[in-house]
Amino acid sequence: MAEAGLSALQFLPAKISLSSLREAARDCRGCPLYKHATQTVFGEGSRSARIVLVGEQPGHEEDLQGRPFVGPAGRILDEALEAAGLDRRETYVTNVVKHFKWVAQGKRRLHKKPGAREIGACLPWLEKEIELIEPEVMVCLGATAAQALLGRDFKVTARRGEVLPSRLAPHAVATVHPSSILRQETSEDREREMKRFIVDLKVVARLLNGHPRAS
Ligand code: URA
Ligand code: SF4
């Protein structure tokens, strides 16, 4: 291992709160990804969220704005949440990896999948976020999140929409990544996949409705 043992763990603050984590993550150098990214993109949303949504890593827009899911994939996510009867403002949205990994193609920056080492190095941020928020449902958007949180061999295609137990939340649901909908080639395919995505998010909505939070 090139940078042996290095991970986000070395950068965790002494006193853990969402704001101290967010602050500390700004200076994280737990893996090499910070070197070519604009900034850390930490999770954001409601402190009392009943749902935590976990993506893979920030994209081009997120990297520039410093906020998760604000680009094209975020717009798909917003639309699907609304169609499922969920309000993004009542969720907490974050990613497995907090820096944008990309390769240049001409002037464009193309998303590059994070590797196992980067995912492992960055995971402490996500685990602390989820531990602090204590959501009722953790939603894994795509294979990277599902495999990081539900097991390395987890198959989203086979198990999407199932309600699963998890170490970090009473319930977990895995579904596709909203970018996979954008990548569909025809508008029919896009529509069909959007509908399936909404069906999975409705599973999440039903879980919440079946378990109203005691106040
Ligand atoms: N894709 C992700 O996985 N996360 C983002 O924040 C944006 C795009
Ligand atoms: Fe730290 Fe994660 Fe960024 Fe790597 S990707 S430098 S572990 S915040």
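About the cut-offs
Residues numbered from 1 in each chain as written. Chains lettered and ligands numbered in written order. Predicted model: local features only at pLDDT ≥ 70, side-chain atom pairs only at ≥ 80, totals over all residues. Heavy atoms only, no water. Pairing = 2+ DSSP bridges. Helix = DSSP H or I, 4+ residues; strand = E, 2+ residues; numbered from the N terminus. Contact = heavy atoms within 4.5 Å. Axes fitted to C-alpha atoms, helices over the stretch in contact; angles between N-to-C directions. Near = heavy atom within 4 Å. Nonpolar A, V, L, I, M, F, W, Y, C, P; charged D, E, K, R; others polar. Disulfide = S-S within 2.5 Å. Buried < 20%, exposed > 50% of the residue type's maximum accessible area, 1.4 Å probe, protein only. Polar contact = N/O pair within 3.5 Å; in protein donor to acceptor, adjacent residues only side chain to side chain. Areas by Shrake-Rupley, 256 points an atom, 1.4 Å probe, with all protein chains shown as cover. Phe/Tyr/Trp six-rings, centres within 6.5 Å; stacked < 30°, edge-to-face > 60°. Lys NZ or Arg CZ within 6 Å of the ring centre and 35° of its normal.

*Asks:* Mind laying out the sheet that holds strand β8 (residues 171–175), listing which residues take part and the relevant values?
*Replies:* Here six strands make up an open sheet; going across it, the order is β1-β3-β2-β6-β8-β7 and the pairing mixed. At either end of the open sheet lies a strand with only one pairing partner, and these are β1 (44–45) and β7 (163–164). Relative to strand β3 (residues 91–95), strand β2 (residues 51–55) runs parallel, the two being bridged by five bridges. Within the sheet, the bridge partner assigned to Leu53 lies in β3 and is Val93. Running at roughly 135 degrees to strand β6 (residues 137–141), helix α5 (residues 143–150) makes contact with β2, β6, β7 and β8 of the sheet.

*Asks:* Describe the site of ligand 2, with residues and values.
*Replies:* Lining the immediate surroundings of ligand 2 are Cys28, Gly30, Cys31, Leu33, Tyr34, Val97, Lys98, His99, Ala121, Cys122 and Trp125. Here the shell around ligand 2 is composed, by residue class, of eight nonpolar, two polar and one charged.

*Asks:* How would you sum up the state of the cysteines? Please name residues and give values.
*Replies:* A full pass over the atoms with the stated rule returns zero disulfides. Of the cysteine sulfurs around Cys140, a residue in no disulfide, the closest is that of Cys122, at 15 Å. The exposure class assigned to Cys140 is buried, which follows from its relative accessible area of 0%.

*Asks:* I'd love a proper account of the site of ligand 1, names of residues and values included.
*Replies:* The full set of residues close to ligand 1 is Gly55, Glu56, Gln57, Pro58, Gly59, Glu62, Pro68, Phe69, Asn95 and His177. Contact between ligand 1 and Phe69: an oxygen atom at 2.8 Å from a main-chain N or O atom of the residue. Here His177 contributes a side-chain N or O atom positioned 2.6 Å from an oxygen atom of ligand 1. Here ligand 1 has 240 Å² of accessible area as a free molecule, and 94% of this is covered by the chains.

*Asks:* An account of the packing of aromatic side chains is needed here, citing residue identities and associated values.
*Replies:* Under the definition given, this model contains one aromatic pair. With 6.2 Å between their ring centres and 85 degrees between their planes, Phe42 and Trp125 make a pair best called edge-to-face. Taken together, the residues Phe42 in the loop between α1 (18–25) and β1 and Trp125 in helix α4 (residues 116–133) connect sequence positions 83 residues apart. The aromatic ring of Phe42 is capped on one face by Lys98, whose charged end is 5.6 Å from the ring centroid.

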